[in-house]
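Analysis of the macromolecular model
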Amino acid sequence: MNKRDMKIDNRDSINPDGKRFRYHVSTFGCQMNDRDSEILAGMLERMGYEKTGEMNDSDIILLNTCCVRETAENKVWGRIGELKALKSQNPDLIIGVCGCMPQQPEVGEKIRRRAPHVDIIFGTHNMHQLPKLIDRVRAERKTVVDIWENEVDIVENLPSKRVAGVKASVTIMYGCNNFCTYCIVPFVRGRERSRNFPDIIREVGQLAGEGYKEVMLLGQNVNSYGKELKPPSDFADLLLALDKIDGLARIRYMTSHPRDFTDKLIEVIAESKKVCEQFHLPVQAGGNNVLKRMNRGYTKERYLELAAKIRAKIPWAGITTDLIVGFPGETDEDFAETLDLIQTVRFDAAFTFVYNKRSGTPAAEMPDQIPDEVKKSRIQKLIAVQNSISQEKNLAEVGRTHEVLVEGVNKGEPTLLEGRTRTNKMVLLRGEKDLIGQIVYVNIIESGTWHLDGELVARC
Ligand code: SAM
Ligand code: SF4
Ligand code: F3S
């Protein structure tokens, strides 16, 4: 794979009031988008812009968008609508819409038609071109739509403005080859491309040097990491190498596809010091008919076997999942199998979704789309069953001692600190702010559905 680096000049970044241009980036969607937004912010800062938390104080506003479900797109349309008033107050304001939503066929044009106050529309494959697009809109003074149909080689060494804190995200691969029949992601993110091994090791080493304690390795399917590299590489070997980096305390990753989760990977996670015992393994559905039509590549039995293997090797492992209800043709019996699966695996937590038709995906054309009221009643039932499992699992933690990385002050209750166990359970505790960034031992004294309450026992 060719690696291309990009240089960005510090441009003329002073506005007519003699102040530095200010930028605001709003991010919708998944952690990959959060990471992309750090790079968009990095490029803007390299150009001389400074960050502002206020949209009405900005010279450029970027919306980095998501289209995984209609609700995500509706939020973006709502925000685009809100920006119209700001643009009429400040005609020099540059508004950009980028990322997954305009990458869908015809959506870029739809944004141009429906929202003429948007100045730049670009997709997922040419984010690195942001500085050029800004120059173009300034020079041409008309909407620039630049959406590349195909993915390009990974562009390394783009500047990045990371959120300060204890944790950092590192994208290890882009795109997805799986084409689950309900999912738009492969269409908007292109084919799988892995970053070179040394580039990832270097980046994680730098982050550890800067004081970050935890890294989250990102990809739509991290366990296909390295397959197309020359020579091929694999995710387990990457974890082994990252485990040796001094100063780093924890490694997490998301998302891993159950079909590709190898015994070697379970072994490496069990043996490693830093890779957390957290397994996010989206199952999506419990019935084999639905799994087959979703093109997930495993059966309910294979999934149960995988969960059992993980628990046999690491009995305290946290296992979480994603679930979809109301996939086309899902019968009451199929849904009962999903309930049965969650009761068998007893997930620590689950992200639950109602199936949403995405134009251009095979499932959108499937017969027997499920009526909204049936979807609604199934999701309510699913959430109720999973919540009671999560509560029971959290209750079982009371009295246990956990290693917790303290991440910061709790937003809802600022007298409390918050952190996570290795198994990714949120823990609230009392303590001085100097604990932030430290690994501590915490005794769990109470539990809820989403978090645990703990008492500091000792610093590591
Ligand atoms: N790559 C990850 C994987 O395979 O598990 C997930 C990526 S996707 C951004 C996150 C979750 O959104 C999926 O696991 C799935 O549960 C859900 N999802 C994707 N497409 C959906 C759709 N059309 N309707 C409802 N939920 C959907
Ligand atoms: Fe979507 Fe499936 Fe790829 Fe995940 S693995 S991003 S659900 S197509
Ligand atoms: Fe959404 Fe794109 Fe992520 S569609 S979930 S932001 S990859």
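About the cut-offs
Residues numbered from 1 in each chain as written. Chains lettered and ligands numbered in written order. Predicted model: local features only at pLDDT ≥ 70, side-chain atom pairs only at ≥ 80, totals over all residues. Heavy atoms only, no water. Pairing = 2+ DSSP bridges. Helix = DSSP H or I, 4+ residues; strand = E, 2+ residues; numbered from the N terminus. Axes fitted to C-alpha atoms, helices over the stretch in contact; angles between N-to-C directions. Contact = heavy atoms within 4.5 Å. Domains from an automatic or database assignment. Near = heavy atom within 4 Å. Areas by Shrake-Rupley, 256 points an atom, 1.4 Å probe, with all protein chains shown as cover. Nonpolar A, V, L, I, M, F, W, Y, C, P; charged D, E, K, R; others polar. Polar contact = N/O pair within 3.5 Å; in protein donor to acceptor, adjacent residues only side chain to side chain. Core = buried A, V, L, I, M, F, W, Y, C linked by side-chain atoms within 4.5 Å. Buried < 20%, exposed > 50% of the residue type's maximum accessible area, 1.4 Å probe, protein only. 1 Å grid on protein atoms, 1.4 Å probe; cavity = no way out; pocket = protein on both sides within 12 Å on 5 of 7 lines; lining within 4 Å. Points joined across faces, edges and corners; volume = space filled by probe spheres on them. Phe/Tyr/Trp six-rings, centres within 6.5 Å; stacked < 30°, edge-to-face > 60°. Parallel < 35°, antiparallel > 145°, perpendicular 65-115°, else oblique. Left-handed = near helix turned anticlockwise from the far one by under 90°.

Read from one edge to the other, the open sheet built from three strands follows the order 14-15-16, with strand pairing classed as parallel. One side of each edge strand has no neighbouring strand; the edge strands of this open sheet are strand 14 (278-280) and strand 16 (349-354). Going across the sheet, the axis of each strand differs from the next one's by a mean of 10°, ignoring polarity. Direction of pairing for strand 14 relative to strand 15 (residues 318-325): parallel, over a ladder of three bridges. Note on strand 15: the bridge partner recorded for Phe 279 is Ile 319. Relative to the sheet, helix 13 (residues 372-395) contacts strand 15 and strand 16, its axis offset from that of strand 16 by approximately 175°.

With that out of the way, let us pick up the domain arrangement of the chain. By domain assignment, the chain separates into domain 1 (16-146), domain 2 (162-271), domain 3 (277-396) and domain 4 (401-459). Using C-alpha coordinates to define each centre, domain 1 is positioned 37 Å away from domain 4.

This part takes up the site of ligand 1. Around ligand 1 lies a shell of 15 residues, among which Gln 220, Pro 282, Gln 284, Asp 322 and Asn 356 are the nearest. The protein chains hide 91% of the 570 Å² of surface that ligand 1 would expose on its own. Mapped by element, the contributors of at least two residues to the shell around ligand 1 are strand 15 and strand 16. Residues of the shell around ligand 1, tallied by class, amount to seven nonpolar, four polar and four charged. Two domains each provide a minimum of three residues to the shell around ligand 1, namely domain 2 (162-271) and domain 3 (277-396).

Relative to the elements of secondary structure, Thr 321 occurs in strand 15. Polar contacts involving the side chain of Thr 321 include one to the main-chain carbonyl oxygen of Leu 281, which spans 2.7 Å. Here Val 283 takes part through its backbone nitrogen, which lies 2.8 Å from a polar atom of the side chain of Thr 321. The contacts of Thr 321, once residues within four sequence positions are left out, are His 280, Leu 281, Pro 282, Val 283, Tyr 303, Phe 347, Ala 349, Ala 350 and Phe 351.

Across soluble globular proteins, nonpolar side chains have a tendency to be buried as a group. Formed by 67 residues in total, the largest nonpolar core has its most connected members in Ile 172, Leu 217, Phe 235 and Phe 279. Judged by nonpolar contacts, the second largest core, of 24 residues, contains Ile 61, Cys 67, Leu 86 and Val 188.

This part covers the layout of surface pockets. The rolling of a water-molecule-sized probe over the atoms marks out the regions of remaining empty space. Roughly 790 Å³ of volume is contained in the second largest pocket. Along the walls of the second largest pocket sit 32 residues, with Ile 39, Val 155, Asn 157, Leu 158 and Tyr 174 positioned nearest its centre. Among the elements of the structure, helix 1 (31-46), strand 8 (155-156) and helix 7 (197-209) are those that each provide at least two residues to the lining of the second largest pocket. It is helix 7 that contributes the most residues to the lining of the second largest pocket, five residues altogether. Along the lines of polarity and charge, the residues of the lining of the second largest pocket split into 10 nonpolar, nine polar and 13 charged. Each of domain 1 (16-146) and domain 2 (162-271) accounts for three or more of the residues forming the lining of the second largest pocket.

Time to look at the packing of aromatic side chains. With the rule as written, the count across this model stands at eight aromatic pairs. For the ring pair Phe 327 and Tyr 355, a centre distance of 5.6 Å and an interplane angle of 75° mean the geometry is edge-to-face. One end of the pair, Phe 327, is in the loop between strand 15 and helix 12 (332-345); the other, Tyr 355, is in the loop between strand 16 and helix 13, and 28 residues separate them in sequence. The exposure class of Phe 327 is buried, given its relative accessible area of 0%. The rings of Tyr 182, Phe 327 and Tyr 355 are connected pair by pair, giving a single aromatic cluster.

Our next topic: the packing of helix 12 against helix 13. Each packed pair of helices is defined by two parameters, the angle between the axes and the distance between the axes. At a closest axis distance of 10 Å, the pairing of helix 12 and helix 13 adopts a crossing angle of 15°. It follows that helix 12 is roughly parallel to helix 13 by the angle criterion. For the element pair helix 12 and helix 13, the recorded crossing hand is right-handed. Residues Asp 332, Phe 335, Thr 338, Leu 339, Ile 342 and Gln 343 of helix 12 touch helix 13, and the partners they reach there are Arg 378, Lys 381, Leu 382, Val 385, Gln 386 and Ile 389. In terms of residue class, the contact of helix 12 with helix 13 is built from six nonpolar, three polar and three charged.

Here we take up the site of ligand 3. Lining the immediate surroundings of ligand 3 are Cys 30, Asn 33, Cys 66, Cys 67, Val 68, Cys 100, Arg 189 and Gln 220. In the shell around ligand 3, the residues fall into five nonpolar, two polar and one charged.

On to the environment of Thr 421, then. The residue Thr 421 is located in strand 18 (residues 417-421) in this model. Here Thr 421 falls in the buried class, since its relative accessible area comes to 0%. Put simply, Thr 421 and Gln 391 are 30 residues apart on the chain and 16 Å apart in space, counted from C-alpha to C-alpha. Discounting chain neighbours no more than four positions away, the residues touching Thr 421 are Arg 250, Arg 252, His 402, Glu 403, Val 404 and Val 427.

A few words on the side chain of Arg 193. Following the sequence through the fold, Arg 193 ends up in strand 11 (residues 193-194). Within the structure, the side chain of Arg 193 is placed 2.6 Å from the backbone oxygen of Arg 189, a separation counted as a polar contact.

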